[in-house]
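Here is what each chain is made of, one letter per residue.
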Amino acid sequence: MKKLSEFIWPLIGLAAVVVSGYFLYQELKTTSLAAIWSAILAIPPHRILLAAISTLVAYAALAWYDRIALLHLGVRHISWLFVSLCSFTTYALSHNIGASVFSGALVRYRAYTAKGLSAAQVAVLVALCSFTFFLGTVLLGGFTLVVDPNLLTRLEGKLPGFLTDPKTALVVGFCMLGFVALYVLGSILRLRPLHIRSFKLEYPRPGIMARQLLAAPLELLGAAGIIYFALPEAMNPGFIPVLAIFLASFSVALASHAPGGLGVFEIVFITAMHITDDAQKDAIIAAVIIFRIFYFWIPALISVIVVVLFERSRLAAAIAAPASVPSTVPEPPVVVPGLDAHELERELKQKAV
């Protein structure tokens, strides 16, 4: 018997796509495909190149997420190349499919169990990678709000007045940075786990924590850089505003459970960019399309090829000889910040059958 949540979240995602699609249509009905295509062609080649480099930085940092989680587990026998391919495939597919925790978990389950990891270890890895992303979002979100408290005024008229007040932005920003500081201190001082209702915050070793605080912002900076470099210099508000708008748009898109955040990301980003004329709107839409192409669609096409080749090689190996399990994989410390690794393990075993 399937859980009710397995039906509810896809329905919420579908509703998010429909609603955001309607608002996006209202926003774009005054423009044309020819105008958007012209705006894409107007992006200088060197800025397209910088956007491509930003994509590589983002996916390299995502591979570091997996490596950090493996270090937390004490697993060192898996090569960087395998980890990078697994991470790339995982995120490329989950970014486009949606429900990234579980769609990504299934890809990792197939890949890492082939290297001798147990379902419990894969569950811990998934949970730690998810929390690393969350930590980076909180850190950079708090930083942007403290550096520029006026960012929320871009949403005046869209949100209640007290939410767009710069004082509110400062309070929220400092609270977000305070959460990160608590995490750092908890790791250094080896504090007991923090319980907030069903949320349990486990503090990893300081070395793991330090790597998280480097990898997560690097990935988000790279992803935001794609849009930043694709925007024309004349109407580019600067990297900090673009980063803040990107973080808000990406977070709302993830929370919506819409496949790939389709429509949700676009409408939030376009709304927050304060469009004043059609030319600016065309340029912003062009930048968002470049982001979709570089961060979503090209990686998805490559990842399908990687998955097919991996499954083919695994099938050939299974036919040739019985699978051997490496003896160097230690028992996992089944503790991870923020998510219930045991619940993830149960989900993995059920969905992998």
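Described in the following lines is the structure provided in the data block. It should be emphasised that the depicted structure is a prediction, and the values quoted were computed from it without experimental measurement. The numbering scheme is per chain: residues are counted from 1 as the chain's sequence reads. Reporting of local features is limited, given that this is a predicted model, to residues whose pLDDT is at least 70; pairs of side-chain atoms are given and counted only at 80 or more, and all residues count toward the totals for whole chains, interfaces and linings. Here the side-chain values reflect all heavy atoms present in the structure, with hydrogen atoms and water set aside.

1. Some thoughts on the packing of helix α6 (residues 119-147) against helix α7 (residues 166-189)
Here comes step 1: Running from N to C, α6 and α7 cross one another at 140°; their axes reach a closest spacing of 8 Å. Relative to α7, the element α6 is oriented oblique. When you trace α6 past α7, the crossing you get is left-handed. Along the contact surface, α6 presents F131, F134, L135, T137, V138, L139, G141, G142, F143, L145 and V146, while α7 presents A169, L170, V172, G173, F174, M176, L177, F179, V180 and Y183.
Here comes step 2: Its residues assigned to classes, the contact of α6 with α7 comprises 17 nonpolar, four polar and no charged. For every element, the axis is a line fit to its C-alpha atoms; helices are fit only across the contacting stretch, and the angle between N-to-C directions ranges from 0 to 180 degrees. For helices the rule is a DSSP run of H or I covering at least 4 residues; for strands it is a run of E covering at least 2, with both sets numbered from the N terminus onward. Roughly parallel covers angles under 35 degrees, roughly antiparallel covers those over 145, roughly perpendicular covers 65 to 115, and oblique covers all other angles. Rotating anticlockwise by less than a right angle from the far helix to the near helix defines a left-handed crossing, while the corresponding clockwise rotation defines a right-handed one. The contact definition used throughout considers only heavy atoms, calling two residues in contact when any of these lie within 4.5 Å. In this count, Pro and Cys sit with the nonpolar residues alongside Ala, Val, Leu, Ile, Met, Phe, Trp and Tyr, while Asp, Glu, Lys and Arg are called charged and the others, Gly among them, polar.

2. What to know about a positive patch on the surface
Here comes step 1: Patch membership needs two things, relative accessible area over 30% and no salt bridge, and members are linked within 9 Å if like-charged or within 5 Å if nonpolar (Val, Leu, Ile, Met, Phe, Trp, Tyr). Every accessible area reported is derived by Shrake-Rupley at a probe size of 1.4 Å, with residue values counting cover from the shown protein chains alone. Think of a salt bridge as a Lys or Arg side-chain nitrogen and an Asp or Glu carboxyl oxygen that are within 4 Å of each other. Neither His nor the chain termini are counted; the positive set is Lys and Arg, and the negative set is Asp and Glu. The atoms used to mark charge sites are NZ of Lys, CZ of Arg, CG of Asp and CD of Glu. A grouping of R76, R190, R205 and R211 is seen on the molecular surface, where their side chains present a positively charged patch.
Here comes step 2: Take R205: it is sitting in the loop between β2 (199-201) and α8 (206-230).
Here comes step 3: Residue classification places R205 among the partly exposed positions, given a relative accessible area of 37%. Here the term buried applies to any residue with accessible area under 20% of the maximum for its type, exposed to any over 50%, and partly exposed to those in between, with areas from a 1.4 Å probe on protein chains only.

3. Some words on the packing of α8 against helix α9 (residues 239-256)
Here comes step 1: Put simply, α8 and α9 touch, their axes get as near as 9 Å, and they point 110° apart. One way to sum up the angle between α8 and α9 is to call them roughly perpendicular. In this structure, the crossing between α8 and α9 has a hand that is right-handed. Residues L220, L221, A223, A224, G225, I227 and Y228 of α8 form the contact with α9, whose participating residues are F239, V242, L243, F246 and L247.
Here comes step 2: In the contact of α8 with α9, the residues fall into eleven nonpolar, one polar and no charged.

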